[in-house]
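Descriptive analysis of the structure
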Amino acid sequence: MNLNSIPAFQDNYIWVLNNDDGRCLIVDPGEAAPVLRAIEENQWQPEAILLTHHHNDHVGGVKALCQHFPNLAVYGPEETQDKGTTQIVKDGDVVSVLGHDFSVFATPGHTLGHICFFSSPYLFCGDTLFSGGCGRLFEGTASQMYQSFCKINALPDDTVICCAHEYTLGNMKFAISILPQDPALNEYYRKVNELRAKNQKTLPVILKNERRINLFLRTEDTDLIDIINQETKLQHPQERFAWLRSKKDNF
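Rules of the game
Residues numbered from 1 in each chain as written. Predicted model: local features only at pLDDT ≥ 70, side-chain atom pairs only at ≥ 80, totals over all residues. Heavy atoms only, no water. UniProt positions renumbered as here; feature names shortened; annotations may be inferred. Helix = DSSP H or I, 4+ residues; strand = E, 2+ residues; numbered from the N terminus. Expected span 1.5 Å × (residues − 1). Contact = heavy atoms within 4.5 Å. Polar contact = N/O pair within 3.5 Å; in protein donor to acceptor, adjacent residues only side chain to side chain. Buried < 20%, exposed > 50% of the residue type's maximum accessible area, 1.4 Å probe, protein only. Disulfide = S-S within 2.5 Å. Pairing = 2+ DSSP bridges. Axes fitted to C-alpha atoms, helices over the stretch in contact; angles between N-to-C directions.

Going by what an unreviewed UniProt entry lists, the protein is known as Hydroxyacylglutathione hydrolase and is assigned to Kosakonia quasisacchari. Under the UniProt heading Function (unreviewed entry), the note attached to the protein is "Thiolesterase that catalyzes the hydrolysis of S-D-lactoyl-glutathione to form glutathione and D-lactic acid."

Shown next, in the form of structure tokens:
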């Protein structure tokens, strides 16, 4: 399969996977126009849409796409049932599209019904994990999001993480504010700065690398624990995760 990212709104990415024969699936189409342009330019034949959660910047283009392609299957969690979903999926389900199986697993936190789709090596994680950061807790708790991150962190090293927003630069500024002397963070921050200065994308990212630079995946890291201990003693990694999320909210 071939992976493509389509910019949308100010900082969204709509992901498209296509086979060599032109058949494709679309992930979280917040708007239809850029997707329709890409379909025409590449002569793709859409077969399905995957939705991770119900927010409009991820589902807003479903109706128009289904009008253009009436036979599209739309897979999404229960919270998307009024957003054009034709088949509700839940944790543990497997979706077969384009001859590939996509495992569905629940990742509550950003929303309560948020899900991810994984078909090696591709992970479509919506607004759960961003490069260098994690999604805001609009409906769920920090504990839920921590458990969701544990599920993602259990995937193979070579997992290609397809985040839905270009938030990397801001996330790395926050990370360096917490651990300003960390070599991996500083190296990645410089790289991201260079890419964004040229208006180039920082996504997708590889899980093996993300484990080095995403503080939300480093809650057992002794350097991070030492920093947190200067302010408060937290015994459990999910408490440290919550501390990070609170700091990021106010950054």
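Following the structure, the description resumes.
On to helix 6 (residues 183-197), then. If you check helix 6, its first and last C-alpha atoms are 21 Å apart, about what 15 residues at 1.5 Å a residue would give, namely 21 Å. For helix 6, the elements touching its buried residues are helix 5 (168-178), strand 14 (205-206) and helix 7 (207-213). Capping of helix 6 at its N-terminal end is provided by aspartate 182; its side-chain oxygen lies 3.0 Å from the backbone amide nitrogen of alanine 184.

Per the UniProt record, "binding site: Zn(2+) 2" (unreviewed entry) is annotated on Asp57, His58, Asp127 and His165. What stands out for the annotated residues spanning 109 residues is how close their C-alpha atoms remain, the widest pair being 10.6 Å apart. With respect to the element layout, histidine 58 can be found in helix 2 (residues 56-59). Of the residues examined, histidine 58 reaches a relative accessible area of 0% and is grouped as buried. Leave out the neighbours within four places in its chain, and histidine 58 touches Asn12, Asp28, Pro29, Gly30, Leu51, Thr52, His53, Gly126, Asp127, Ala164 and His165. As for its placement among the helices and strands, histidine 165 is situated in the loop between strand 13 (160-162) and helix 5. Residue class for histidine 165 comes out buried when judged on its relative accessible area of 4%. Beyond its immediate stretch of four places on either side in the chain, histidine 165 contacts Asp11, Asn12, Tyr13, Asp57, His58, Asp127, Phe130 and Leu203. A polar atom in the side chain of histidine 165 sits 2.9 Å from the side chain of aspartate 11.

What follows concerns the state of the cysteines. For the coordinates displayed, the defined rule picks out zero disulfides. Here cysteine 66 is not cross-linked by a disulfide; its sulfur's nearest cysteine counterpart is in cysteine 24, at 13 Å.

Pairing within the open sheet is mixed, and its six strands lie in the order 7-8-9-10-13-14. In this open sheet, the two strands that pair with only one neighbour each are strand 7 (94-97) and strand 14. With four bridges connecting them, strand 8 (residues 100-106) and strand 9 (residues 115-119) associate as antiparallel partners. Within strand 9, the position partnered with phenylalanine 105 by the bridge is cysteine 116.

Once that is clear, we can look at the sheet that holds strand 6 (residues 87-88). Working definition: the strands of a sheet are paired by backbone hydrogen bonds and lie parallel or antiparallel to each other. Pairing within the open sheet is mixed, and its six strands lie in the order 1-2-3-4-5-6. A strand with exactly one partner marks an edge of an open sheet, and here the two such strands are strand 1 (2-8) and strand 6. Bridging between strand 5 (residues 73-76) and strand 6 involves two bridges; their strand directions are parallel. Bridging from a neighbouring strand, glycine 76 pairs with isoleucine 88 of strand 6. Together, strand 1, strand 2 (12-18), strand 3 (23-27) and strand 4 (45-50) form the strand contacts of helix 1 (residues 33-42), whose direction differs from that of strand 1 by roughly 140°.

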